[in-house]
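Breakdown of the fold
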Amino acid sequence: MDKIRFLTAGESHGRALTAIIEGLPAGLEISEQDILTDLKRRQRGYGRGGRMQIERDYAKILSGVRYGKTLGSPICLLIENKDWPNWVEKMSVEPVINPVQKLQMPRPGHADYAGMVKYQHDDLRNILERSSARETAARVAAGAVARKLLSEFGIRIFGHVTQIGPVQSSFSAIVQLQNLMNTGALDEIERLLERIEKSETACADEMADEKMKKLIDETKQRGDTLGGQFEIVAIGLPIGLGSFTHWDRRLDGRISWAMGAINAMKCVEIGLGSGVAQRPGSQVHDELFYEKSRGYYRKTNNAGGIEGGMSNGEPIVVRVSMKPLPTLSRPLMSVDCSDRSLKEAFSERSDVCAVPAAVVVAEAVLALVLAEELCRKLGGDSIKEMHRNYKGLVVEPLGW
Ligand code: EPS
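Note that the coordinates shown come from a computational prediction; the quantities given were computed from them, not determined experimentally.

1. Structural notes on the packing of aromatic side chains
Applying the stated criterion to the full structure yields three aromatic pairs. A centroid spacing of 5.3 Å and a plane angle of 50° characterise the contact between F153 and Y390, whose relative ring orientation is tilted. On the criterion of sequence distance, the pair formed by F153 in the loop between α5 (136-151) and β7 (156-164) and Y390 in helix α11 (residues 383-391) is long-range, its members being 237 residues apart. Looking at K90, its charged tip hangs above the ring of W87, at a distance of 4.1 Å from the centre.

2. Examining the site of the ligand
Around the ligand sit 13 residues, and of these H13, R42, R51, R134 and R349 come closest. In the environment of the ligand, an oxygen atom lies 3.2 Å from a nitrogen or oxygen atom belonging to the side chain of S132. The separation between an oxygen atom of the ligand and a polar side-chain atom of D351 is 3.2 Å. Protein chains shield 94% of the accessible area of the ligand, which is 470 Å² for the free molecule. A breakdown of the residues in the shell around the ligand according to their chemical character gives three nonpolar, four polar and six charged.

3. Considerations on the pairing of strand β1 (residues 5-9)
Across five bridges, β1 lies against strand β2 (residues 16-22) in antiparallel orientation. Bridging from a neighbouring strand, L7 pairs with I20 of β2.

4. A closer look at empty space enclosed by the protein
In total, this model carries one cavity of 30 Å³ or more according to the counting rule given. Considered as a void within the structure, the largest cavity measures approximately 40 Å³ in volume. Lining the largest cavity, in full, are R107, P108, P326, T327, L328, P331, L332, A345 and F346. Taken together, the residues of the lining of the largest cavity break down into seven nonpolar, one polar and one charged.

5. Structural notes on the environment of E32
As for its position among the elements, E32 is in helix α1 (residues 32-42). Considering only alpha carbons, one finds E32 and L77, 45 residues apart in sequence, at a separation of 9.4 Å. Leave out the neighbours within four places in its chain, and E32 touches Y58, A59, K60 and I61.

Thresholds applied
- Throughout, a residue's number is its position along its own chain's written sequence, starting from 1.
- Only residues with pLDDT of 70 or above have their local features reported here, since the model is predicted, and side-chain atom pairs are shown and tallied only from 80 upward, although totals for entire chains, interfaces and linings are computed over all residues.
- Water and hydrogen atoms play no part in the side-chain values, which are based on all heavy atoms of the structure.
- For this analysis, a ring pair means two rings from Phe, Tyr or Trp (six-membered ring only for Trp) whose centres lie within 6.5 Å, classed as stacked if their planes differ by under 30 degrees, edge-to-face if by over 60, and tilted for the remaining angles.
- Numbering of helices and strands runs from the N terminus, with a helix taken as a DSSP run of H or I at least four residues long and a strand as a DSSP run of E at least two residues long.
- Cation placement over rings: the criterion is NZ of Lys or CZ of Arg within 6 Å of the ring centroid and within 35° of the ring normal.
- Proximity is defined per residue: if any heavy atom of the residue lies within 4 Å of a molecule or strand, that residue is considered near it.
- Polar contact is defined as a pair of N or O atoms within 3.5 Å, subject to the rule that within protein one atom must be able to donate a hydrogen and the other to accept it, and that residues adjacent in sequence are counted only when both atoms are side-chain atoms.
- Here the accessible surface of atoms and residues is derived via Shrake-Rupley with a 1.4 Å probe, and residues count as covered only by protein chains that are part of the display.
- Throughout this entry, Asp, Glu, Lys and Arg are counted as charged residues, while Ala, Val, Leu, Ile, Met, Phe, Trp, Tyr, Cys and Pro are counted as nonpolar. The remaining residues, Gly among them, count as polar.
- In this scheme, strands are said to pair when DSSP sees at least two bridges between them.
- Two kinds of site are reported from a 1 Å grid over the protein atoms alone, namely cavities, where a 1.4 Å probe fits but cannot get out, and pockets, open sets with protein on both sides within 12 Å along at least five of seven lines, and residues are called lining when an atom falls within 4 Å of a point.
- Grid points are joined across faces, edges and corners, and a volume is the space filled by probe spheres set on the points.
- Residues count as neighbours in contact if any of their non-hydrogen atoms are within 4.5 Å of one another.

Remember that the coordinates give geometry; whether it matters functionally is a separate question.
So this is what it looks like as structure tokens:
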């Protein structure tokens, strides 16, 4: 990212998490309350562990905003860890007289083993503290600012869980959303969003939601964990974000990178995704139509809103698969790195299933990618200038 950059810092059980976002335009209205909405949503979900009972994630804006509007300078956000008082000794910045016992049984599937080798640590706490998905709270806070920018231009992002373990939702955004948009039933979209927000699994299918919760309970009993799949959708995008002209400008590539860089994500699909492999071209590509009242339009969205690395004006639909979390309360076998003896892997408080929370993280990173592309398209020094340029966007091919 070069137009909008962001960095996060902070350990899971350290004093706080921070994020710095640089490159946003001046004049964007933003408040701590705007950021709070998404931080609260990230803490949700059936299957979360004890930590979420302790934390009340809240991002303080430390810089870059004056009288409720961005200045154009870097925005610094601070999220304090409420759990910190319980970790002051164990996570002390200064050396301590009696350090806590080292953790040396890496969890299969976590960053522990490769991290211990790479950074030459003999205590896996030095790895897990930063590799923990706690960091995603900072990404969500940064993403909430990007989302606010997108909302200025009518762009909305939402997500929903399509699968937890083997339980699948009957709902897929790629089909249903297209039907709702084709029939003009836009208020149905609002009802759909309400259903997702009310669901503890962030699943629009009420029957699947019940089955998912039951499965999470059973899995918890067994000391195991669950992954799943979710879809993220962006609507209201102008045509031409991203470009085919060079590999690192392709929007699908940028989105895949951002999604694949979220902890525990193993597969990113756009539109039909892996479904394109088995169909002939005639059943994959979305035909173009034109009506005077509607302009150019499509009846399907198998491309998931991206053709040739560019947004094509249809909803962007991204499907992501998440692996089950590697901290098992009934641990897998591992090796004690202090004496190479076979032992159970390290285990501590964690979540059974974090797929509903991951949806909010994925929404945030999509917002960051799209906000950057929007600034590139509209010239991003000030909101005023961006609005002027937005009004001047060309929306049809040259020809008339
Ligand atoms: C998380 C905080 C963590 C875990 C989870 C995500 O809290 P703690 O480690 O204190 O229980 O609940 O972290 C992981 C899944 C992981 O693999 O590290 C959070 O804030 O989202």
